Amino acid sequence: MMHVSGPRRVGEPSDGSERGIALGWLSFHRDALRSKCADLTPDQLATRSAPPSPLSLLGLVRHLTEMERVFGVWALGPREQLRRVWGDYTDDGPEWDMDADAAMVDVSLAAWEREKAASDKRISAHASLDSVGAGNGRTVRWNVQKLISEYARHNGHADLLRERIDGQTGE
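These numbers were taken from a predicted model, which means no experiment stands behind them.

> Mind laying out the overall build of the protein chain, listing which residues take part and the relevant values?
A count of helical and extended segments in the protein chain gives five helices and zero strands. Tracing the protein chain from N to C terminus, the helices and strands come up as α-α-α-α-α. Relative to the compact-globule value of 16 Å for 171 residues, the protein chain shows a C-alpha radius of gyration of 16 Å, a close match. Along the three orthogonal principal directions, the C-alpha set of the protein chain runs to about 45 × 40 × 30 Å. Within the protein chain, the proportion of its 171 residues that are buried is 43%. In the protein chain, 70% of the contacts between residues at least 6 apart in sequence involve partners at least 24 apart. Looking at the protein chain as shown, the accessible area adds up to about 8,800 Å², and 52% of this sits on carbon and sulfur atoms. The distance from the centre of the 22 positive side-chain charges to the centre of the 26 negative ones in the protein chain is 4 Å.

> Account for helix H1 (residues 18–37), naming residues and giving values.
Its 20 residues give H1 an end-to-end C-alpha distance of 29 Å, which sits within 8% of 28 Å, the value for a rise of 1.5 Å per residue. Asp39, located one to two residues past H1, shows a positive phi value of around 65°.

> I'd like a description of unusual backbone geometry, backed by residues and values.
Here the bond from Pro51 into Pro52 is cis, since omega is 10°, no more than 30 degrees from zero. Assignment of secondary structure puts Pro52 in the loop between helix H2 (42–46) and helix H3 (57–74). The phi dihedral of Asp39 is positive, around 65°, even though this residue is not glycine.

Each value, and the rule that gives it
Residues numbered from 1 in each chain as written. Predicted model: local features only at pLDDT ≥ 70, side-chain atom pairs only at ≥ 80, totals over all residues. Heavy atoms only, no water. Helix = DSSP H or I, 4+ residues; strand = E, 2+ residues; numbered from the N terminus. Rg over C-alpha atoms; globule rule 2.2 N^0.38 Å. Buried < 20%, exposed > 50% of the residue type's maximum accessible area, 1.4 Å probe, protein only. Contact = heavy atoms within 4.5 Å. Areas by Shrake-Rupley, 256 points an atom, 1.4 Å probe, with all protein chains shown as cover. Lys, Arg positive; Asp, Glu negative; His and termini not counted. Charge placed at Lys NZ, Arg CZ, Asp CG, Glu CD. Expected span 1.5 Å × (residues − 1).

As structure tokens, then:
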């Protein structure tokens, strides 16, 4: 079983270049989610601890894996058909990312690591934040900011979910 461990945390980025600050915040928020998942069992990661919400920490990891694919890997790569990580989404169909159970922990965490690395590779292939990705036709700046906003939004959810699981609070 893959284990998410803590407590060493990536700090907030210092002042600097626009690229350095943006990638620093992306790293900070990725690590914040990792820390919210640290030292929990697969059952705890899959727990939907704030009913009636269907959210779980594992579901958030899976959702952000999908966001890494969409706004990092696909958006900033060559023009090609988007292939989602967990499956195609249809109206009133399954929520492939959020519908997760404890048996999916290892594969989900491995996919998250893989998509983060692939996003980083695609981002680094663009010398400028003004560069336009062929996948969605938006700049690297726009796509990195979208990833940061997805993490920041869902890290707020992760804070609440983790507190309800075992009382842990804080960044």
